[in-house]
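Structural characterization, general
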Amino acid sequence: MIPEIGHFALILALSLAVCQGVLPLIGAHRNDATLMSVARSAAYGQFVFVAISFICLTWAFLQNDFSVLYVANHSQLALPTGYKISAVWSAHEGSLLMWILLMSAWTMAVARFSSDIPPRLIARVIGILGLLSVGFLLFALLTSNPFERLIPAAIDGADLNPLLQDPGLAIHPPLLYVGYVGFSVAFAFAVAAMIGGNLDRDWARWTRPWTTVAWLFLTMGIALGSWWAYYELGWGGWWFWDAVENASFMPWLVGTALIHSLAVTERRGLFKSWTLLLSISAFSLSLLGTFLVRSGIIVSVHAFATDPTRGFFILSFLAIVVVGALALYAWRAPSLDSDAGFALLSRETFLLLNNVLLVVATTVVLLGTLAPLIVEMINGGKISIGAPWFEVAFLVPMLPLIFLLGLGMHTAWRQQSAGPWLRLFRVPAIAAVVVGIVLPILFYGRVSILVAVGCIAAVWIVISSLIQPVRSWRRKDGATAITRSALGMSIAHLGMGLFVIGATIVSAFGVEADRAIRPGETIAVAGIDFTLKEVHQVQGPNYLAIEGIVEIRDSGEFVATVRPQKRQYQVQKDWMTEAGIHPSWNKDYFVALGDQLGEGTWSVRIQYKPMIRFIWIGAFVMALGGMVTVTDRRRRRVAK
């Protein structure tokens with residue numbers, strides 16, 4: 001009975017989404033207040049019914065209702081309760097339902113916190129979001145029904161994918177989806193503004209907070225996914241340039257450009273074309289990521305669908321969204337010119353270069369991701385574009401961007417005098433060069449050109465991001481206090497600097513060794529001794545594990561004991577790796593237990609990872625900067 005209620009709730013949600021998508025748009029066209037007022041009520045109602053459906057699916061998992069095909073395929077009796085809940089969004093049908101739930105939640109939030117926005121504009125925004133919801137609800141009901149029955153019911157389930165039985169991956173998809181779906185709000189504002197022709201600074205002001213919130217959640221989602229891959233997959237890396245990883249990274253890059261472009265449009269009324277196209281691109285790339293994950297055209301640990309019918313549906317939906325939005329843009333393009341100008345040395349110039357370089361970086365990732373698929377479709381051949389190509393090609397636009405980043409945030413709008421500007425950067429630039437060269441020599445004993453460039457860039461960003469907050473703190477005049485928006489910008493840029501430090505140091509000075517070892521033997525890696533004390537079996541709630549006990553010593557002094565495992569789950573018999581990691585703020589010791597090579601001999605992967613935590617610390621500091629920016633009350637006021 002519960003699954004039938006969940007399915008019927010989705011049908012009711014679809015009915016309300018149609019009303020939400022059609023009636024407010026008609027009302028805005030006719031300036032009919034009655035029809036426009038339907039928008040908020042329909043948005044609230046749609047959220048309620050989608051939430052009921054999601055709760056019904058969750059209840060089916062908790063009650064071990066194996067008469068539901070989706071539950072039977074992704075749960076089992078012995079699965080811990082926490083993982084039964086996360087199993088709801090562990091595969092295609094449930095994750096799509098979560099996507100729909102989050103989209104209805106975003107729509108409800110827009111409806112709730114938009115009382116100061118002109119009625120016709122907000123009616124169009126909610127209407128566009130309603131039409132997007134119609135597309136996803138049809139996708140769920142026609143091709144991906146999570147409540148499909150299994151007759152007769154299974155006695156036990158096929159279990160949750162062992163890779164997903166981890167706290168990090170239970171949290172990672174919701175954060176990622178909040179970011180993905182959040183860009184639909186920026187898209188809806190852009191389309192609504194183009195329909196109404198009100199492409200002014202107010203539109204940018206209203207769009208910017210929603211875009212920032214979506215961006216910060218996507219940032220946290222990507223960082224958490226990287227962290228999970230590091231400790232769960234057993235290879236010890238933090239980014240593999242996997243096609244699905246890239247699918248989440250591309251909207252982030254474009255979303256970063258969009259936030260900066262919105263700042264210019266809000267402040268000066270410039271870059272309207274950039275802002276519109278970036279709004280369209282950010283959500284379109286989110287849909288492209290959905291297509292890559294759910295179409296079955298790629299093989300990845302992150303992908304969870306192999307049905308071409310679903311891929312065709314998403315591709316058609318993506319085409320309708322992109323073509324429709326670009327047609328509107330072509331219609332409004334002649335009216336987007338602005339009489340405002342800016343000098344060559346100005347903040348606008350740096351933000352324009354920021355947009356160009358981020359779009360180039362996105363294009364590089366897009367081409368590298370899709371090229372193997374396109375080649376295979378054309379002639380059936382296979383090519384492989386791996387991490388070495390991405391790392392070199394991506395560095396080309398990103399390296400100048402990192403150095404320009406520190407300059408742009410301290411440059412005046414419209415026009416900057418060169419003399420004071422150069423004097424401001426004299427000391428930070430010298431400090432960045434000196435520290436960037438000395439730091440790797442002091443701590444790691446050597447430096448190369450690439451390492452020096454990376455460290456100089458990182459220190460440059462850190463120092464430049466601290467200039468404005470330190471100046472504000474030292475001044476006693478409250479009138480010159482830094483705004484929360486400017487403080488958030490500085491914090492986000494500081495996070496980028498920390499990320500660059502971590503990525504540079506771990507890439508240059510990390511050490512990896514695959515060795516054979518017997519209990520009682522010691523292996524030295526990077527001057528650190530790793531002793532395998534013993535290997536024994538451990539019984540988990542729904543798995544049996546082989547666990548090694550490895551003692552780590554540095555110059556004879558005890559550091560830590562780690563317990564790497566190889567787990568075999570009761571239902572899905574594949575062996576899974578659980579690395580033993582001893583973390584600290586400036587380095588990680590990583591041990592992964594491999595296969596048994598012979599009587600009493602085991603393969604192990606031992607890694608020394610200096611500064612790797614700075615990668616994830618930097619990402620979450622960036623997200624914190626976004627949070628601080630959103631709390632700026634000026635972002636919630638009506639533009640006069």
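1. Quick look at the packing of aromatic side chains
One pass over the structure, following the stated rule, counts 34 aromatic pairs. Ring centres of F61 and Y70 lie 5.6 Å apart, and the angle between their planes is 85°; this geometry places the pair in the edge-to-face category. A residue is classified by how much of its surface remains accessible, and F61, at 0% relative accessible area, is buried. Each residue in the set W215, W239, W241, F249, W252, W389, F390 and F394 is aromatic and connected to the rest through ring pairs, giving one cluster.

2. A short note on a nonpolar patch on the surface
On the surface, a nonpolar cluster with roughly 870 Å² of combined accessible area is contributed by I430, V433, V434, V435, I437, V438, I441, L442, F443 and V447. One can find V447 in the loop between α15 (418-444) and α16 (449-474).

3. Observations concerning the confidence of the model for the chain
Confidence in the prediction for the chain averages 91 pLDDT; 96% of positions are at 70 or higher. By mean pLDDT, the top-scoring element of the chain is helix α3 (residues 38-62) (97), and the lowest-scoring one is strand β7 (residues 575-578) (88).

4. Digging into the pattern of salt bridges
Any two side chains of opposite charge can pair if their charged atoms end up close together. According to the stated counting rule, one finds 13 salt bridges in the structure shown. Its salt-bridge partner being D595, residue K566 comes within 3.8 Å of it at the nearest N-O pair. Note that K566 is positioned in strand β6 (residues 565-569) and D595 in strand β9 (residues 587-598), a separation of 29 residues in sequence. Taking the relative accessible area as the measure of exposure, K566 reaches 10% and is therefore buried. Here the salt bridges do not stand alone but share partners, grouping E4, D65 and R149 into one network.

5. A word on the packing of helix α8 (residues 167-196) against helix α10 (residues 243-268)
Remark: α8 packs on α10, axes separated minimally by 11 Å, with the N-to-C direction vectors making an angle of 45°. Judged by the inter-axis angle, α8 sits oblique to α10. Judged by the twist between their axes, the crossing of α8 over α10 is left-handed. In this structure, α8 uses L176, Y180, F183 and A186 to contact α10, whose residues at the interface are A247, S248, P251, G255 and L258. When grouped by side-chain class, the residues that make up the contact of α8 with α10 number seven nonpolar, two polar and no charged.

6. A word on the nonpolar core
Counting residues in hydrophobic clusters, the biggest one holds 173 residues, and the most contacted among them are V125, F136, F187, F189, W252 and F283. Beyond its immediate sequence surroundings of up to four residues, W252 is in contact with W215, L218, T219, I222, M496 and M622. Residues I528, F530, V550 and W602 belong to the second largest nonpolar core, which totals 18 residues.

7. Let's talk about the packing of α16 against helix α17 (residues 484-509)
In the contact formed by α16 and α17, the axes pass within 8 Å of each other and the chain directions differ by 160°. Our classification of the angle between α16 and α17 gives roughly antiparallel. Relative to α17, the crossing made by α16 is left-handed. Counted by class, the contact of α16 with α17 contains 18 nonpolar, seven polar and no charged residues.

8. Focus on the sheet that holds strand β10 (residues 601-610)
The sheet built from four strands is open, its strands ordered β1-β10-β9-β8 with antiparallel pairing. A single partner strand is all that each edge strand has here, and the edge strands are β1 (511-517) and β8 (580-583). Strand after strand, the sheet turns through a mean of 15° between neighbouring axes, direction not considered. One ladder, built from four bridges, connects β8 with β9; its direction is antiparallel. Following the sheet pairing, H582 is matched in β9 by Y589. Relative to the sheet, helix α9 (residues 201-232) contacts β8, β9 and β10, its axis offset from that of β9 by approximately 45°.

9. Observations regarding the pairing of strand β2 (residues 522-525)
By the alternation rule, side chains of β2 split into I523 and V525, which are all buried, and T522 and A524, of which none is buried. The hairpin formed by β2 and strand β3 (residues 528-539) contains two residues between the paired strands, and A526 there has a positive phi angle of roughly 55°.

10. Examining the environment of A186
Tracing the backbone shows A186 in helix α8. For the pair A186 and L169, spaced 17 residues apart in sequence, the C-alpha separation works out to 27 Å. Setting aside residues no more than four positions away along its own chain, A186 makes contact with T207, T211, L258 and S279.

11. Regarding the environment of W389
You can see W389 is positioned in helix α14 (residues 387-408). The partly exposed category is assigned to W389, whose relative accessible area is 39%. With 21 residues separating them in the primary sequence, W389 and G368 have C-alpha atoms 8.3 Å apart. Excluding its chain neighbours within four sequence positions, the residues that come into contact with W389 are V364 and G368.

12. Topic: the side chain of H172
Summarising the element assignment, H172 is placed in helix α8. Judged by its relative accessible area of 11%, H172 falls in the buried class. A distance of 2.7 Å separates the side chain of H172 from the backbone oxygen of G221, its partner in a polar contact. There is a polar contact of 3.4 Å between the side chain of H172 and the backbone nitrogen of G225. If we ignore the near neighbours within four places in the chain, the residues touching H172 are G221, L224 and G225.

Reading the values: the criteria
- Residues numbered from 1 in each chain as written.
- Predicted model: local features only at pLDDT ≥ 70, side-chain atom pairs only at ≥ 80, totals over all residues.
- Heavy atoms only, no water.
- Phe/Tyr/Trp six-rings, centres within 6.5 Å; stacked < 30°, edge-to-face > 60°.
- Buried < 20%, exposed > 50% of the residue type's maximum accessible area, 1.4 Å probe, protein only.
- Patch = residues over 30% accessible without salt bridge, like charges linked within 9 Å, V, L, I, M, F, W, Y side chains within 5 Å.
- Areas by Shrake-Rupley, 256 points an atom, 1.4 Å probe, with all protein chains shown as cover.
- Salt bridge = Lys/Arg side-chain N within 4 Å of Asp/Glu carboxyl O.
- Helix = DSSP H or I, 4+ residues; strand = E, 2+ residues; numbered from the N terminus.
- pLDDT = per-residue confidence, 0-100.
- Axes fitted to C-alpha atoms, helices over the stretch in contact; angles between N-to-C directions.
- Parallel < 35°, antiparallel > 145°, perpendicular 65-115°, else oblique.
- Left-handed = near helix turned anticlockwise from the far one by under 90°.
- Contact = heavy atoms within 4.5 Å.
- Nonpolar A, V, L, I, M, F, W, Y, C, P; charged D, E, K, R; others polar.
- Core = buried A, V, L, I, M, F, W, Y, C linked by side-chain atoms within 4.5 Å.
- Pairing = 2+ DSSP bridges.
- Polar contact = N/O pair within 3.5 Å; in protein donor to acceptor, adjacent residues only side chain to side chain.

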